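Coordinates in review
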Amino acid sequence: MKFYYFVILSLITIGFISCNNDLPMPNNINIVGRWIARDMADTLTFDSNTGVVYHSNASVHNEQYQYQLKGDSITLIYAGSEDYYSPPTTHLYYMNKEYLSIDFKNTKCDGFSQKVINYLRFNNN
């Protein structure tokens, strides 16, 4: 009898977890486009066809990084014009339709300030 209560409780818990719409669900299609930092000169342009994000700021223009999204993390792999190896770095991110936040605080990523950077979607229309 205890086993049945455990199974029922487990199914109810799984049901509640799967119905939680408050958590953002990262999606490559949603991140595609241009994002401009709110408080600094920093721009990201995500291209879904190539899996590349182009990064521009005050000192670089269109540096290329391959990107991979998995759950609440984004992995960036430098693929730019410099002839040095930069290891892949993984960062937590949050995104909704018009807002993107990437946490660069804990893991240094070449070309990015070591802080949380908040971006707004740039509408080309």
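Below is a short write-up of the structure. Residues take numbers from 1 onward in each chain, read along the sequence in its written order. Note on the predicted model: pLDDT of at least 70 is required for a residue's local features to be given, and 80 or more for side-chain atom pairs to be given and counted; whole-chain, interface and lining totals, by contrast, use all residues. By convention in this description, side-chain values take in all heavy atoms of the structure and omit both hydrogens and water.

Re the nonpolar core
Condition: Put simply, a nonpolar core is a bunch of buried Ala, Val, Leu, Ile, Met, Phe, Trp, Tyr and Cys residues held in one set by side-chain atoms that sit within 4.5 Å of each other. Per-residue accessibility, obtained with a 1.4 Å probe over protein chains only, is compared with the maximum for each type, and a residue is labelled buried under 20%, exposed over 50%, and partly exposed between these values. Starting at the N terminus, helices and strands are each numbered in turn, a helix being any DSSP run of H or I of at least four residues and a strand any DSSP run of E of at least two.
Judged by nonpolar contacts, the single largest core of 20 residues is most densely connected at Leu44, Phe46, Leu76, Leu100, Phe112 and Tyr119. Elements with a minimum of two residues in this core: β1 (33-37), β2 (42-47), β4 (63-70), β5 (73-78), β6 (89-95), β7 (99-103) and β8 (116-122). No other element matches β5, which puts 3 residues into this core.

Quick notes on the side chain of glutamate 63
We apply this condition: A residue counts as positive if it is Lys or Arg and as negative if it is Asp or Glu; His and the chain ends are not included. Salt bridge, as applied in this entry: a Lys or Arg side-chain nitrogen positioned within 4 Å of an Asp or Glu carboxyl oxygen. The contact criterion used is simple: two residues touch if any of their non-hydrogen atoms lie within 4.5 Å.
When you line up the elements, glutamate 63 lands in strand β4. The buried charged residue glutamate 63 lacks any salt bridge, with lysine 108 as its nearest oppositely charged partner at 13 Å. Residues contacting glutamate 63, with those up to four places away along its chain left out, are Val53, Tyr54, His55, Tyr78, Gly80 and Ser81.

Some points on the environment of tyrosine 65
Looking at the secondary structure, you find tyrosine 65 in strand β4. Leave out the neighbours within four places in its chain, and tyrosine 65 touches Gly51, Val52, Val53, His55, Leu76, Ile77, Tyr78, Ala79, Cys109, Asp110, Gly111 and Phe112.

With respect to the sheet that holds β7
Our working definition: At least two bridges found by DSSP between two strands is the condition for calling them paired. Note on definitions: angles span 0 to 180 degrees between N-to-C directions of axes, and those axes are lines fitted to C-alpha atoms, for helices only across the stretch in contact.
Here we have 8 strands rolled up into a closed barrel, ordered β1-β2-β3-β4-β5-β6-β7-β8, and antiparallel in their pairing. Neighbouring strand axes in the sheet, compared pairwise and without regard to direction, differ in orientation by 30 degrees on average. Of the strand pairs in this sheet, β6 and β7 are connected by 3 bridges, and their pairing is antiparallel. When the bridges of β7 are listed, methionine 95 appears paired with leucine 100.

Observations concerning the packing of aromatic side chains
Counted only if it meets this: Put simply, two rings from Phe, Tyr or Trp (the six-membered ring, in Trp's case) pair if the centres are within 6.5 Å, and we call them stacked under 30 degrees between planes, edge-to-face over 60, tilted for the rest.
Tallied over the full model, the rule gives 5 aromatic pairs. Residues tyrosine 65 and tyrosine 78 carry aromatic rings whose centres are separated by 5.4 Å and whose planes lie at 75 degrees to one another, so their mutual orientation is edge-to-face. Remark: tyrosine 78 occurs in strand β5 and tyrosine 65 occurs in strand β4; sequence separation between them is 13 residues. Owing to a relative accessible area of 3%, tyrosine 65 belongs among the buried residues under this scheme. Ring centres of tyrosine 94 and tyrosine 99 lie 6.0 Å apart, and the angle between their planes is 55 degrees; this geometry places the pair in the tilted category.

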